[in-house]
Amino acid sequence: MTLTLALFVFGLGVVLTLHLWPGFANPAIWQGRTFCTGCLPHSLHLPVDQVLLVAAWLPLLAGTIRRGSLPPILIGGVATIVASAALGLWLGLFRWAPGWPGMALLWFAGVNLVIVAAEETLFRGLLQRHILHRLGAVHAWWLTAVIFGLAHLPFGAEFAAVATIAGLGYGYVAWQSGSLWPAIGLHWVVNLLHFSLFSYPMLA
């Protein structure tokens with residue numbers, strides 16, 4: 001894939017991921033809902049535009065998991081969960097607040113799977129792979145994680161820092177496994193643990 005085409009696809013993916021494409025009005029599942037005392041309100045919509053992104057690009061970019069990659073996947077996964085949770089707690093971004101909010105958890109799990117599949121398709125499937133061909137695996141790994149963190153700056157510097165650490169984990173398991181599936185699974189688990197075990201989306 002040429003640089004021009006890669007930038008076009010990545011830009012189009014960003015537009016869809018941020019719900020900026022004209023004509024899309026994703027139905028709301030909940031609007032401005034507060035899940036814990038002192039938490040910011042959270043809204044969740046059916047990600048119709050992101051479904052299109054995943055359907056178009058994930059089959060082309062997913063890859064096949066390499067044999068023998070289970071140990072680095074497990075080690076990277078556990079390290080990512082521990083490091084991102086520890087940093088978020090240390091920064092005061094969230095606190096320990098376990099809870100299972102009924103159907104909300106099921107809605108979140110289903111919708112978030114689409115969202116993380118779209119993000120991993122863009123960042124690890126397209127961006128990291130494209131940088132890898134130009135700068136090598138190590139530079140592709142950390143550069144993509146930094147860009148992933150910067151993409152979360154609208155939520156604050158602390159959130160961006162946690163996203164960068166998590167992005168290092170997602171990128172590592174994608175790199176070591178040769179596939180997006182472990183990165184998607186890890187990203188989904190991290191978000192699900194955040195939603196069910198910690199103050200979500202963050203403290204006000």
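Please refer to the structure higher up on the page.
Residues numbered from 1 in each chain as written. Predicted model: local features only at pLDDT ≥ 70, side-chain atom pairs only at ≥ 80, totals over all residues. Heavy atoms only, no water.

Only one face of strand 2 (residues 42–45) is buried: it carries H42 and L44, and the other face, with S43 and H45, is open. Bridge count between strand 1 (residues 28–33) and strand 2: three bridges; the pairing is antiparallel. Considered in strand 2, the bridge of W30 is made with L44. (Buried < 20%, exposed > 50% of the residue type's maximum accessible area, 1.4 Å probe, protein only. Helix = DSSP H or I, 4+ residues; strand = E, 2+ residues; numbered from the N terminus. Pairing = 2+ DSSP bridges.)

As a further point, take unusual backbone geometry. Going from Y200 to P201, the amide bond is cis rather than trans, its omega being 0°. Along the chain, P201 turns up in the segment after helix 7 (181–197).

A rise of 1.5 Å per residue sets the reference length of helix 4 (residues 103–135), with its 33 residues, at 48 Å; its end C-alpha atoms lie 45 Å apart and thus fit the reference within 8%. For helix 4, the principal kink sits at E120 and spans about 30°. In the segment just after helix 4, G136 is the residue with positive phi, at about 100°. (Expected span 1.5 Å × (residues − 1). Bend = angle between axes of the 7 residues up to and from the residue.)

Tallied over the entire structure, the rule returns one disulfide. Across the disulfide from C36 sits C39; the S-S distance is 1.7 Å. Here C36 and C39 have matching classes, each one buried. (Disulfide = S-S within 2.5 Å.)

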